[in-house]
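Survey of secondary and tertiary structure
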Protein chains: 2
Amino acid sequence: MNFFCKNRIFVAMKNKTYCVIMAGGIGSRFWPISRASRPKQFLDILDTGKTFLRATYERFLPIVPTENFLVVTNAVYRDLVLEQIPELLPEQVLCEPVGRNTAPCAAYAAYRINAADAGAKMIVTPADHLILDEEDFCGIITKGLDYIADSDKMMTIGIKPSSPNTGYGYIQLEDDNVCPGGITRVKTFTEKPDLALAEAFVASGEFLWNSGIFIWSVETFMRALAEHLPEMYGLFNAVTPYYGSPQESELIRQIYSECRSVSVDIGIMEKARNVYVCCGDFGWSDIGTWGSLYDHSPKDAAGNVAPPDALLSNTEGCIVKVPQGRTVVVEGLNDYMVVDSGDVLMICPRSREQDIKRFVEELKYRGQEAVV
Amino acid sequence: MNFFCKNRIFVAMKNKTYCVIMAGGIGSRFWPISRASRPKQFLDILDTGKTFLRATYERFLPIVPTENFLVVTNAVYRDLVLEQIPELLPEQVLCEPVGRNTAPCAAYAAYRINAADAGAKMIVTPADHLILDEEDFCGIITKGLDYIADSDKMMTIGIKPSSPNTGYGYIQLEDDNVCPGGITRVKTFTEKPDLALAEAFVASGEFLWNSGIFIWSVETFMRALAEHLPEMYGLFNAVTPYYGSPQESELIRQIYSECRSVSVDIGIMEKARNVYVCCGDFGWSDIGTWGSLYDHSPKDAAGNVAPPDALLSNTEGCIVKVPQGRTVVVEGLNDYMVVDSGDVLMICPRSREQDIKRFVEELKYRGQEAVV
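In this text, all values refer to a predicted model and were calculated from it rather than measured experimentally.

1. Description of the overall build of chain A
The helix and strand inventory of chain A stands at 12 helices and 16 strands. In terms of overall dimensions, chain A is globule-like: its C-alpha atoms have a radius of gyration of 21 Å, near the 21 Å expected for 372 residues. When its C-alpha atoms are laid out on the principal axes, chain A stretches across 65 × 50 × 40 Å. Buried positions account for 55% of the 372 residues belonging to chain A. Summarising the internal contacts of chain A: among those between residues at least 6 apart in sequence, 68% fall at separations of at least 24. As presented, chain A carries roughly 15,600 Å² of accessible surface, and 50% of it is formed by carbon and sulfur atoms. Looking at charge distribution, chain A has the averaged site of its 35 positive side-chain charges lying 4 Å from that of its 48 negative ones.

This is the structure:
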């Protein structure tokens, strides 16, 4: 497999587990901090000292050796990935010519791994989630890996819901008595529900949040791809002789243009019968919105999320995000977002965060591409 | 007089009118745009393309030749003055070692002028006011100069009040029928009144706003100084042999430390009997507060004062001031000031502008001297 140094082969042979980090997202929900040129996964929005991508990489390092990571992203983010995880060889960054949701992303990675290491297992994970208890997390992942070993089971990680969040997909369980660490068969996957439905889901005890983390053997995944997304399977399978070769990139470009845009959840997991879920309770959030960032950030006595030296008076429930070293004075503001990205200042009620899309569209329309 | 080039002497002899610009103020009311290191007079807060100081200089140029200007300021602002009015010779900037209000400032300038040009007339003006109709303004000043010529009258410029503004001092007239351009004797000077009093003043027709612009012959002013502020007169008079000499600066340093802090209005004009006022109506404001800047700035349909490319929605009555090129998005904010000075962001209801002093004090207390 040409993306391994020779001296890494021994380690790779010892550990047949691969981690595929999906880092191609381009959402604008954290605008103006996130930009088309630097989306959320490449940012340290939580001020942890690490970007989401870097944190994801480090989180899996106790389980997966560096040479077994693959990061799938858009070609334009290739350098950002290598900058944030300089331990990776350039060949470990798989570049998608265009985003086609998660199914082609997982398929591309599976074929690349298979070309180098038959019989491997793979973990597929988003690049931009928050996980609080990383030790517990590793325990759950290891449990999942053990469960699918030498089997044709596909595993997903579900999260014990702490609220009827309408921003997440839900997984319905066959066994509603499952505890954190427990594993059960999946009954259904559901898309983001409305609030009434989400409340019913949580009350029933039958549902977990869908974390979007999957574990399976490459072989099992390829079989599922062939069965449930046969056209996509055909496209990626046809490239088999060329994975890891100089032709790969051009061939990938061609098949992506024909590839359907579909998620792993909808394209494969919803249809498959051999899907299991491991229940996690390690403090998880996809930090998908400013509201969720507010919820997961430490607050002052007045419920503000702000730099410690911000001068806030008669101000409650605000989230204030400014570049380091910038002095902020806020008087008499309640429940707003004040976000300063350096070149953009946005002031918006927290309850209106869905309007951010509109701001970005408006600025694009005005030709202010530089700030979107 | 050593601050004139030789080739300027002829012009100076032809025009015995001097303009003294008082540019020593250090107010914090326009914080965070204004700073101790660059107060309002050195800023272009109105976005006219000129700082207040520069605009003041240019406003008097039709009446006073460049070599007859003196700018009195604190020593720390000397370079700022010469940068903004490069036409001046360094000797035309009089440096006060410490601020002692306007009376010592006018006295210093009067002695400096007298040392070089006996029999001169002088105009004393603040450096940081807005005047809309500059032609009309020049007409009024010329009228005042003519009126005091060869007389011992002291002239002040009063402004026909357009509102019962409580931020201004008022001048009571002996003749309440005076029209713009008319001149009458002054009955009293009053300090900033409360609203009820200000309303009574305006309704009576007997009062004008005090612009703080004075016109007199140097000789008349010195006589008034001797009569009403004899100690101050003694201090400045003792330096007479040294104005324009290398000793001046050190001697000025010594007398300022003994000088009482008092305004021209209170120290001299209120007590003098020979005070006249010329009534102006040329669109004047001291632009003393953010509120006054808001009042005097062009507004959009929703009453916002903001850069034309700011993206404001559901936002009314706001003043948004940010560095050029910065993108601003504001959603759902009414009657706030949003001021971004580059290193400081302040968000504050327009009705709470008196709190700015408190913010500045708090930041000083925290040791953030760099931003105050």
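After that view, the rundown keeps rolling.
2. Structural notes on the interface of chain A and chain B
Contacts between chain A and chain B engage 35 residues on the former and 35 residues on the latter. Taken together, the two surfaces of chain A and chain B that pack against each other cover about 2,700 Å², and 53% of this comes from carbon and sulfur. When residues of chain A are sorted by the area they lose upon contact with chain B, Thr327(A), Glu331(A) and Leu345(A) head the list and together hold 25% of the total. Where chain A touches chain B, the interface holds 6 salt bridges. Our count for the contact surface shared by chain A and chain B stands at 26 residue pairs in polar contact (both at pLDDT 80 or more). Sorting the residues of the side of chain A that touches chain B by element identifies strand 12 (311-313), strand 14 (327-331), strand 15 (336-340), strand 16 (344-349) and helix 12 (356-365) of chain A as the ones contributing at least two each. Of all the elements, strand 16 of chain A adds the most residues to the side of chain A that touches chain B, at 6 residues.

3. Observations regarding the side chain of Ser292(B)
Mapped onto the elements, Ser292(B) comes out in helix 11 (residues 290-295). You can call Ser292(B) buried: its relative accessible area is 11%.

4. A look at the pattern of salt bridges
Residues and elements named next belong to chain A. For the structure shown, the criterion picks out 44 salt bridges over all chains. We note a salt bridge from lysine 50 to glutamate 58, for which the minimum N-O separation is 2.8 Å. We classify glutamate 58 as partly exposed; its relative accessible area is 26%. A network of salt bridges, in which partner residues are shared, links Lys50, Arg54, Glu58 and Glu87.

5. Regarding the packing of helix 4 (residues 102-116) of chain A against helix 8 (residues 230-238) of chain A
Residues and elements named next belong to chain A. Where helix 4 contacts helix 8, the axes come no closer than 10 Å and their chain directions differ by 35°. Of the two possible hands of crossing, helix 4 and helix 8 adopt the one that is right-handed. Counting all contacts with helix 4, which are made through Ala103, Pro104, Ala107, Tyr108 and Tyr111, the residues of helix 8 involved are Met232, Tyr233, Phe236 and Asn237.

6. Points about the sheet that holds strand 12 (residues 311-313) of chain B
The strand order 13(A)-15(A)-16(A)-14(B)-12(B) describes an open sheet built from 5 strands, whose pairing is mixed. The two strands at the open ends of the sheet, each matched to only one other strand, are strand 13 (319-321) of chain A together with strand 12 of chain B. Strand-to-strand, the axes of this sheet are offset by a mean angle of 5°, without reference to chain direction. Across 3 bridges, strand 12 of chain B lies against strand 14 (residues 327-331) of chain B in parallel orientation. Within strand 14 of chain B, the position partnered with Leu311(B) by the bridge is Val329(B).

7. A closer look at the environment of Ser163(A)
Residues and elements named next belong to chain A. Mapped onto the secondary structure, serine 163 falls in the loop between strand 6 (154-159) and strand 7 (170-173). Look at serine 163 and you get partly exposed, because its relative accessible area is 28%. Leaving out residues up to four positions away in the same chain, serine 163 has contacts with Tyr170, Val202 and Trp209.

8. Describing the relation of the copies chain A and chain B
Placing chain A over chain B gives an RMSD of 0.0 Å and needs a rotation angle of 180°, together with 0.0 Å of translation along the axis. Look at the turn and shift together and you get a two-fold axis relating the two. Both copies contact each other with a shared surface, as 100% of the interface residues of chain A are interface residues in chain B too.

9. Observations concerning a negative patch on the surface
Together, Asp133(A), Glu135(A), Asp136(A) and Asp281(A) line one region of the surface with negative charge. You can see Glu135(A) is positioned in helix 5 (residues 134-148).

10. Observations regarding the packing of aromatic side chains
This model, assessed by the stated rule, comprises 39 aromatic pairs over all chains. Arranged with centres 5.1 Å apart and planes meeting at 85°, the rings of Phe137(A) and Phe282(A) form a pair that is edge-to-face. Linking Phe137(A) in helix 5 with Phe282(A) in the loop between strand 10 (275-280) and strand 11 (284-285), this pair joins segments that are 145 residues apart in sequence. In this pair, the class of Phe137(A) matches that of Phe282(A), namely buried. Taken together, Tyr108(B), Tyr111(B), Tyr233(B), Phe236(B), Tyr243(B) and Tyr256(B) form an aromatic cluster joined through their ring pairs. Lying over the aromatic face of Phe137(B), Arg59(B) brings its terminal NZ or CZ to 5.9 Å of the ring centre.

11. As for the pairing of strand 8 (residues 183-190) of chain A
All names here are of chain A. Direction of pairing for strand 7 relative to strand 8: antiparallel, over a ladder of 4 bridges. What sits directly across from leucine 173, in strand 8, is valine 186. Of the pairings in the sheet, the one linking strand 8 to strand 10 comprises 3 bridges and is antiparallel in character. Its bridge partner lying in strand 10, arginine 185 is registered against tyrosine 276.

12. Notes on empty space enclosed by the protein
All names here are of chain B. This model, assessed by the stated rule, comprises 1 cavity of 30 Å³ or more. Of the pockets and cavities examined, the largest cavity occupies roughly 30 Å³. Lining the largest cavity, in full, are Arg59, Phe60, Thr125, Pro126, His129, Ile131, Phe137 and Ile213. Counting only elements with at least two residues in the lining of the largest cavity, the list comes to helix 2 (52-60) and strand 4 (121-126). Considered class by class, the residues forming the lining of the largest cavity number 5 nonpolar, 2 polar and 1 charged.

Thresholds, definitions, all that
- Residues numbered from 1 in each chain as written.
- Chains lettered and ligands numbered in written order.
- Predicted model: local features only at pLDDT ≥ 70, side-chain atom pairs only at ≥ 80, totals over all residues.
- Heavy atoms only, no water.
- Helix = DSSP H or I, 4+ residues; strand = E, 2+ residues; numbered from the N terminus.
- Rg over C-alpha atoms; globule rule 2.2 N^0.38 Å.
- Buried < 20%, exposed > 50% of the residue type's maximum accessible area, 1.4 Å probe, protein only.
- Contact = heavy atoms within 4.5 Å.
- Areas by Shrake-Rupley, 256 points an atom, 1.4 Å probe, with all protein chains shown as cover.
- Lys, Arg positive; Asp, Glu negative; His and termini not counted.
- Charge placed at Lys NZ, Arg CZ, Asp CG, Glu CD.
- Buried area = accessible area lost by both parts, 1.4 Å probe.
- Salt bridge = Lys/Arg side-chain N within 4 Å of Asp/Glu carboxyl O.
- Polar contact = N/O pair within 3.5 Å; in protein donor to acceptor, adjacent residues only side chain to side chain.
- Axes fitted to C-alpha atoms, helices over the stretch in contact; angles between N-to-C directions.
- Left-handed = near helix turned anticlockwise from the far one by under 90°.
- Pairing = 2+ DSSP bridges.
- Least-squares fit on C-alpha atoms with pLDDT ≥ 70 in both.
- Patch = residues over 30% accessible without salt bridge, like charges linked within 9 Å, V, L, I, M, F, W, Y side chains within 5 Å.
- Phe/Tyr/Trp six-rings, centres within 6.5 Å; stacked < 30°, edge-to-face > 60°.
- Lys NZ or Arg CZ within 6 Å of the ring centre and 35° of its normal.
- 1 Å grid on protein atoms, 1.4 Å probe; cavity = no way out; pocket = protein on both sides within 12 Å on 5 of 7 lines; lining within 4 Å.
- Points joined across faces, edges and corners; volume = space filled by probe spheres on them.
- Nonpolar A, V, L, I, M, F, W, Y, C, P; charged D, E, K, R; others polar.

Function cannot be inferred from these measures alone, as they are strictly geometric.
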